[in-house]
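Now for the letters of each chain:
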Amino acid sequence: QVQLVESGGGLVQPGDSLKLSCIISGRTYVSYTIGWFRQAPGKEREFVAAIRWIAGSTIYSESVEGRFTISRDNAKKTMYLQMNSLKPEDTAVYYCALDHDFGLRKRVDDYEDWGQGITVTVSS
């Protein structure tokens, strides 16, 4: 079993930055993809960014590209999401998720393991 635990959420003002972390524990495959999704109130869960754990290649949604950066620390088994220039529309519960495949996929159904989620609120 894989456990994913997010941290780093909170309340910030528009234009601020925030960094989310996701610690991975338990049994994982050698090669996999890990990503971030978010779900705003009343909306469906949507893809934000993903990274191949071994290769480090990344993919982003259009709405965050250029503002968010996904990264990982192999030794710490931790993934990060650096969020800059935050907007009110970035307000959501953010989820860390793991895909037991090394493809950079974007669909919710492609990811087998999920964290509990953490709230990010961008408001003045």
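Above: the structure in question.
These figures come from a predicted structure and were not determined experimentally.

What follows deals with the pairing of strand β5 (residues 46-52). In terms of residue burial, β5 counts as a mostly covered element, since five of its seven residues are buried. In the sheet, strand β4 (residues 33-39) pairs with β5 via six bridges, with the strands oriented antiparallel. Directly across from T33, in β5, lies its bridge partner R52. Hairpin connection of β4 to β5: six residues between the antiparallel strands, including G42 at a positive phi of 80°. Where β5 and strand β6 (residues 58-60) come together, three bridges link them in antiparallel fashion. In the sheet register, A50 faces β6, and the bridge partner there is I59. Connecting β5 to the antiparallel partner β6 that follows it, the hairpin turn spans five residues, and G56 within it adopts a positive phi of roughly 85°.

With the rule as written, the count across this model stands at six aromatic pairs. With 5.6 Å between their ring centres and 20° between their planes, Y32 and W53 make a pair best called stacked. Placement of the pair is Y32 in the loop between β3 (18-26) and β4 and W53 in the loop between β5 and β6, with a sequence separation of 21 residues. Overall, Y32 belongs to the buried group, its relative accessible area being 2%.

Scoring rules and cut-offs
- Residues numbered from 1 in each chain as written.
- Predicted model: local features only at pLDDT ≥ 70, side-chain atom pairs only at ≥ 80, totals over all residues.
- Heavy atoms only, no water.
- Buried < 20%, exposed > 50% of the residue type's maximum accessible area, 1.4 Å probe, protein only.
- Helix = DSSP H or I, 4+ residues; strand = E, 2+ residues; numbered from the N terminus.
- Pairing = 2+ DSSP bridges.
- Phe/Tyr/Trp six-rings, centres within 6.5 Å; stacked < 30°, edge-to-face > 60°.

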